[in-house]
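Residue-level structure breakdown
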Amino acid sequence: MLYYESNDLELADHYVTTGIALCQRMGTVYPTLLGQRTLARLHFTRGETEAAWQTLAAARCLAAKSENQRRIRLIIAMTAEIQLRQGLTAAAALTIEGLPASARERSEQENLT
């Protein structure tokens, strides 16, 4: 994230992609999802919209396999964030429609989105 924040997007891409590959080899789901979220945001920032959506699709599949609702909602929140950045407010509203209504039941990322 540090390279992303300092706008060194090429180096950020290298480290995030490497980190995701390592997490996948180790079979660690949550860090893989976090990496995929970051990579999707990075792709979108670079104007690689299709790659961002492909990355989110892979993350959505992994989250669904985990059957962990917080992980699934983490990807839903990232999807809504990118939709909002694209100006797709109606689509973002539909995306987050199924999220819990109470802030206590949601993750910090969900509350920020």
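Use the structure listed above.
One structure accompanies this document, and this report is about it. (Residues numbered from 1 in each chain as written. Predicted model: local features only at pLDDT ≥ 70, side-chain atom pairs only at ≥ 80, totals over all residues. Heavy atoms only, no water.)

Here we look at the packing of helix α3 (residues 29-45) against helix α5 (residues 69-85)
Remark: α3 packs on α5, axes separated minimally by 11 Å, with the N-to-C direction vectors making an angle of 5°. On the basis of their axis angle, the class for α3 and α5 is roughly parallel. Taking contact as the criterion, the partners of V29, Y30, L33, L34, R37, A40, R41 and F44 in α3 are, on α5, R71, L74, I75, M78, E81, I82 and R85. Here the residues of the contact of α3 with α5 sort into 10 nonpolar, no polar and five charged. (Axes fitted to C-alpha atoms, helices over the stretch in contact; angles between N-to-C directions. Helix = DSSP H or I, 4+ residues; strand = E, 2+ residues; numbered from the N terminus. Parallel < 35°, antiparallel > 145°, perpendicular 65-115°, else oblique. Contact = heavy atoms within 4.5 Å. Nonpolar A, V, L, I, M, F, W, Y, C, P; charged D, E, K, R; others polar.)

Some words on the side chain of T32
Tracing the chain through its elements places T32 in helix α3. The class of T32 is buried, set by a relative accessible area of 2%. Only 2.6 Å separates the side chain of T32 from the backbone oxygen of T28, close enough to count as a polar contact. Discounting residues that sit within four places of it in the chain, T32 has contacts with I20, C23, Q24 and L62. (Buried < 20%, exposed > 50% of the residue type's maximum accessible area, 1.4 Å probe, protein only. Polar contact = N/O pair within 3.5 Å; in protein donor to acceptor, adjacent residues only side chain to side chain.)

Comments concerning unusual backbone geometry
If you check the backbone angles, E67 has positive phi at about 55° while not being a glycine. Take E67: it is sitting in the loop between α4 (49-66) and α5.

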